Amino acid sequence: MTSKVDVTVLADLLRRAAKAEIMPRFRRLDRSDVRAKTEATDLVTVADEQAERMMKAEIARLWPNALFVGEESVAADPALLGRLKDAELAIVVDPVDGTANFASGIPAFGVMASVVFMGETVAGIIYDPMGDDWVMAEKGSGAWLRRPDGEAQRLSVAAPVTLDQMVGMASTGYLPKDKQSQILANLSKVRFLASYRCAAHEYRTLAAGHVHYLMYYKLMPWDHLAGTLICQEAGAYAARLDGSPYLPHHLDGGLLIAPDKASWELLRGEVFTV
């Protein structure tokens, strides 16, 4: 790869961090191990912090020229996020995606990393600590489910269906207030709406062909870079709600992903009318 990051090494690091710092704390957190950041639903735990600390140190050793952008590092130094746009090489990490689930003892959380090279996402990894497997993609090489024993299965999105048969996930909490009620009403046009409160598992579900759409409005890079690339490599069509490409430095404008462009346009026109 032109970025010179070995994704198998990066994937193994995510797994090691989960086994060392995340899983030993699952359903064993004290109250003092959990705190709110920007609001009551935006949580951080000692597992997030320790896992990111471990990954940051290892990434600095393995790829010393890479800009490290982690969710908790940005929480401590917001200016770090602005450096992503101009970095030649960056590794973006979400140490525990689905922290609210993790803190509640719900086994739906993941560890994510993406590689950004010259302003473009070129690799994405989502590790599931409960299932002990990864979904991952390198640009141009397809999306794959991989297991520690070496087994690999190529992923493919679902076949397109009519609007009234679409099943998917949408995160509506960050939509503009003047649009939120209309979009929620529009969602009655689809067959089913869900939210796992964990982008890692939502992206895995779409890439594996089990749902037909994902929609997000707030676009933090650690939440969406890896999953968007994985879904695209599995055959999906992804774009911001205005139809423009989603790039690593984008933080707003919404994101919609569907099995193909026709499905995307149908969802954009009939449901997600921001």
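Taking an unreviewed UniProt entry as the reference, the protein chain is identified by name as Fructose-1,6-bisphosphatase belonging to Azotobacter beijerinckii. Listed under Cofactor (unreviewed entry) in UniProt, the entry text for the protein chain is "Mg(2+)".

> What exactly am I supposed to notice about the pairing of strand E7 (residues 133-138) here?
Here is the key point about a regular strand: its side chains alternate between the two faces of the sheet. Judged by how many residues are buried, E7 sits mostly within the fold: 5 of 6 residues are covered. The loop that links strand E6 (residues 120-128) with its antiparallel partner E7 comprises 4 residues; one of these, Asp132, has a positive phi angle of about 55°. Where E7 lies against strand E8 (residues 143-146), 4 bridges are found, and the strand directions are antiparallel. Among the inter-strand pairings, Ala137 is bridged to a residue of E8, identified as Ala143. Counting the residues in the hairpin turn of E7 and E8 gives 4 residues, including Gly140, whose phi is positive at 85°.

> How should I be thinking about the sheet that holds strand E13 (residues 237-239) in this particular structure?
Within a sheet, neighbouring strands are paired by backbone hydrogen bonds and run either parallel or antiparallel to one another. The sheet built from 5 strands is open, its strands ordered E11-E10-E12-E14-E13 with mixed pairing. In this open sheet, the two edge strands, each paired with only one partner strand, are strand E11 (192-194) and E13. Strand-to-strand, the axes of this sheet are offset by a mean angle of 15°, without reference to chain direction. Bridge count between E13 and strand E14 (residues 255-258): 3 bridges; the pairing is antiparallel. Note on E14: the bridge partner recorded for Ala238 is Ile257. The strands that helix H6 (residues 199-207) touches are strand E10 (167-170), strand E12 (213-216) and E14; relative to E12, the one it contacts most, it runs at about 150°.

> Hey, could you run me through the UniProt feature "binding site: Mg(2+)" (unreviewed entry) in the protein chain in this one?
According to UniProt, the "binding site: Mg(2+)" (unreviewed entry) feature falls on Glu71, Asp94, Asp97 and Asp223. Across 153 residues, the annotated set stays spatially compact, with a maximum C-alpha separation of 9.6 Å. Those annotated residues from the list above that line the largest pocket are Glu71, Asp94, Asp97 and Asp223. As for its position among the elements, Asp97 is in strand E4 (residues 89-97). Judged by its relative accessible area of 5%, Asp97 is buried. Once residues lying within four places of it in the same chain are set aside, the contact partners of Asp97 are Phe109, Gly110, Met112, Cys198, Ala199, Ala200 and Asp223.

> Explain the packing of H6 against helix H7 (residues 221-233) here, please?
Between H6 and H7, the least distance of the axes is 9 Å, while the angle of their chain directions is 5°. In terms of orientation, H6 lies roughly parallel with respect to H7. Contacts between H6 and H7 involve Ala199, Tyr203, Leu206 and Ala207 from the first element and Asp223, His224, Gly227, Thr228, Ile230 and Cys231 from the second. Looking at the contact of H6 with H7 residue by residue, the classes come out as 6 nonpolar, 3 polar and 1 charged.

Conventions and cut-offs
- Residues numbered from 1 in each chain as written.
- Predicted model: local features only at pLDDT ≥ 70, side-chain atom pairs only at ≥ 80, totals over all residues.
- Heavy atoms only, no water.
- UniProt positions renumbered as here; feature names shortened; annotations may be inferred.
- Buried < 20%, exposed > 50% of the residue type's maximum accessible area, 1.4 Å probe, protein only.
- Helix = DSSP H or I, 4+ residues; strand = E, 2+ residues; numbered from the N terminus.
- Pairing = 2+ DSSP bridges.
- Axes fitted to C-alpha atoms, helices over the stretch in contact; angles between N-to-C directions.
- Contact = heavy atoms within 4.5 Å.
- 1 Å grid on protein atoms, 1.4 Å probe; cavity = no way out; pocket = protein on both sides within 12 Å on 5 of 7 lines; lining within 4 Å.
- Parallel < 35°, antiparallel > 145°, perpendicular 65-115°, else oblique.
- Nonpolar A, V, L, I, M, F, W, Y, C, P; charged D, E, K, R; others polar.

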